[in-house]
Amino acid sequence: MLPLRTRIFAFLQERLVKTPLNAEEMIALRAQREGLRTGPVTALLFGRPADVEVKETYVDGRRFAIYTPPGVGEAAPIVINYHGGGWCLGTPEQSAWVSSHVAAGTGSIVVAPSYRLAPEHPFPAAVEDAWSSLEWVAKHAADLGGDPSRIAVMGDSAGGNLAAVVSLMARDAGGPSVRAQVLIYPAVEMYEKFPSEAANANGPVLTSTQMSTFGHLYMGERYGDESWQASPLRAASHAGLPPAHIITALHDPIRDHGTRYAEVLRAAGTPVSLVDYDTAFHGFMSLPGVAPAAPEALAGIVEFLRDVDRGNSVSGH
């Protein structure tokens, strides 16, 4: 069962937030969500960021939030964190709790890039921006105080999709080097419906109807395109990819996406740790104030990244 605070949040959200069913409503929801994120209840819902330095920079019109922990020397590890939001919503700040605490807990520089959003910028715009962010970070790692050979990618939901996709692209292109991928309830299949979607069709934060809306708006005129850059589960090969830490939530319609992706990675010989949180829901890592599992999941991410950086093997679950 979901914790009481989660059920209260889901009850209020269902009554206060209108489910967007078309492009105009999706665009309008962005402002409403940002107002909630910056309102008086921000810390209660979204958690308090860690005490790290936060800077902004702009690259080709896109904004990057950069989280640097105190005392970082030269050649620190780097984590690129792609935000979620169904490729239609979201900003780097909605993941500030995770980004800042990963920076503080691992001694890494965390770079959280924005990317063009659908429906104004449908597929593959987000993929192009996610890839160019990885290339930019690798090229400017030393300027950031980081090591270009120690880059990990991370993302939640749509951001998890982008992290998985750029890991595949980097493998195929022979670089930039990606040492690890943290995939937080990733969306890895655009069309096929798995059992978890029926089981959690009306789950908090994400419903089956919303999944369909996000998919149609993101793919636009290319809806039905089976490219693995939209559905990384469909890649011809998952061999030669960096170790992965995959987080799923029991009450999430896309829970099976993470499970299936772990299966294909393991079958291809990629080390995977897969952790499911039975009191959690889709989006819980952005809402630590209503998700008791969030601090535990954060600790797991930090441990995984530290192990990778030390060269330790990834243990499966």
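Residues numbered from 1 in each chain as written. Predicted model: local features only at pLDDT ≥ 70, side-chain atom pairs only at ≥ 80, totals over all residues. Heavy atoms only, no water.

This part covers the overall build of the protein. The number of helices and strands found in the protein is 11 helices and eight strands. Since a compact globule built from 317 residues should have a radius of gyration of about 20 Å, the 18 Å found for the protein is in line with a globular shape. Oriented by its inertia axes, the alpha-carbon framework of the protein measures out at about 50 × 45 × 40 Å. Relative to its 317 residues, the protein shows a buried fraction of 58%. Taking contacts inside the protein between residues at least 6 apart in sequence as the whole, the part at least 24 apart equals 79%. In the structure as shown, the protein presents an accessible area of about 13,000 Å², 54% of it carried by carbon and sulfur atoms. (Helix = DSSP H or I, 4+ residues; strand = E, 2+ residues; numbered from the N terminus. Rg over C-alpha atoms; globule rule 2.2 N^0.38 Å. Buried < 20%, exposed > 50% of the residue type's maximum accessible area, 1.4 Å probe, protein only. Contact = heavy atoms within 4.5 Å. Areas by Shrake-Rupley, 256 points an atom, 1.4 Å probe, with all protein chains shown as cover.)

Among the 11 residues that make up helix 4 (residues 96-106), nine are buried, leaving the element largely enclosed by the rest of the structure. Every buried residue of helix 4 is listed here: Ala96, Trp97, Val98, Ser99, Ser100, Val102, Ala103, Gly105 and Thr106.

Looking now at the pairing of strand 5 (residues 146-156). Of all 11 residues making up strand 5, eight are buried, and the element is well covered by its neighbours. Bridging between strand 3 (residues 76-82) and strand 5 involves six bridges; their strand directions are parallel. For Tyr82, the partnering residue across the bridge sits in strand 5 and is Gly155. Pairing analysis gives five bridges linking strand 5 to strand 6 (residues 180-184), with the strands arranged parallel. Counterpart to Asp156 in the pairing with strand 6 is Ile184. (Pairing = 2+ DSSP bridges.)

Quick look at helix 5 (residues 125-139) now. Its 15 residues give helix 5 an end-to-end C-alpha distance of 21 Å, which sits within 8% of 21 Å, the value for a rise of 1.5 Å per residue. Summarising burial for helix 5: 11 of the 15 residues are buried, a large majority. Listed as buried for helix 5 are Ala125, Ala126, Val127, Asp129, Ala130, Trp131, Ser133, Leu134, Trp136, Val137 and Ala138. (Expected span 1.5 Å × (residues − 1).)

Between Phe123 and the following residue, Pro124, the backbone shows a cis peptide bond with an omega angle of 10°. Here Pro124 lies in the loop between strand 4 (109-113) and helix 5. Note the cis peptide between Gly175 and Pro176, where omega equals 0°. Mapped onto the elements of the fold, Pro176 is located in the loop between helix 7 (158-173) and strand 6.

Ranked by size, the top nonpolar core spans 63 residues in total, and within it Tyr82, Leu134, Leu162, Tyr218, Ile246 and Tyr261 carry the most contacts. Here this core gets nine residues from one element, more than from any other, and that element is helix 7. Among all residues touching Tyr82, those that are not within four sequence positions of it are Pro113, Ala130, Ser133, Leu134, Val153, Met154, Gly155, Asp156, Gly159, Leu162, Ala163 and Val166. Counting residues in hydrophobic clusters, the runner-up holds 41 residues, among them Val52, Trp97, Ala180 and Val308. (Core = buried A, V, L, I, M, F, W, Y, C linked by side-chain atoms within 4.5 Å.)

Attention now moves to the packing of helix 4 against helix 11 (residues 294-310). Put simply, helix 4 and helix 11 touch, their axes get as near as 10 Å, and they point 45° apart. Between helix 4 and helix 11, the angle is such that the two are oblique. Crossing of helix 4 against helix 11: the hand is right-handed. In this structure, helix 4 contributes Trp97, Val98, His101, Val102, Gly105 and Thr106 to the contact, and helix 11 contributes Ala294, Pro295, Leu298, Ile301, Val302, Leu305 and Arg306. Partitioned by chemical class, the residues of the contact of helix 4 with helix 11 number nine nonpolar, three polar and one charged. (Axes fitted to C-alpha atoms, helices over the stretch in contact; angles between N-to-C directions. Parallel < 35°, antiparallel > 145°, perpendicular 65-115°, else oblique. Left-handed = near helix turned anticlockwise from the far one by under 90°. Nonpolar A, V, L, I, M, F, W, Y, C, P; charged D, E, K, R; others polar.)

Turning our eyes to something else, we now look at the confidence of the model for the protein. When pLDDT is averaged along the protein, the result is 93, and 93% of the positions lie at 70 or above. Of all the helices and strands in the protein, helix 1 (residues 4-16) carries the lowest mean pLDDT, 70, while strand 6 carries the highest, 99. (pLDDT = per-residue confidence, 0-100.)

This brings us to the pattern of salt bridges. One pass over the full model with this rule turns up 14 salt bridges. Residues Asp225 and Arg222 are paired through a salt bridge, measuring 2.7 Å at the closest nitrogen-oxygen approach. Residue class for Asp225 comes out partly exposed when judged on its relative accessible area of 24%. Where Asp276 meets Arg255, a salt bridge forms, and the shortest distance between an N and an O atom there is 3.0 Å. You can see Asp276 sitting in strand 8 (residues 272-281) and its partner Arg255 sitting in helix 10 (residues 255-267), a full 21 residues away along the chain. Asp276 gets classed as partly exposed once you look at its relative accessible area, which sits at 30%. With relative accessibility at 23%, the residue Arg255 sits in the partly exposed group. Taken together, the shared-partner salt bridges in this structure form one network comprising Arg62, Arg116, Glu128 and Asp129. (Salt bridge = Lys/Arg side-chain N within 4 Å of Asp/Glu carboxyl O.)

For Pro124, a relative accessible area of 21% translates into the label partly exposed. Separated by 105 residues in the primary sequence, Pro124 and Gln229 have C-alpha atoms spaced 7.8 Å apart.

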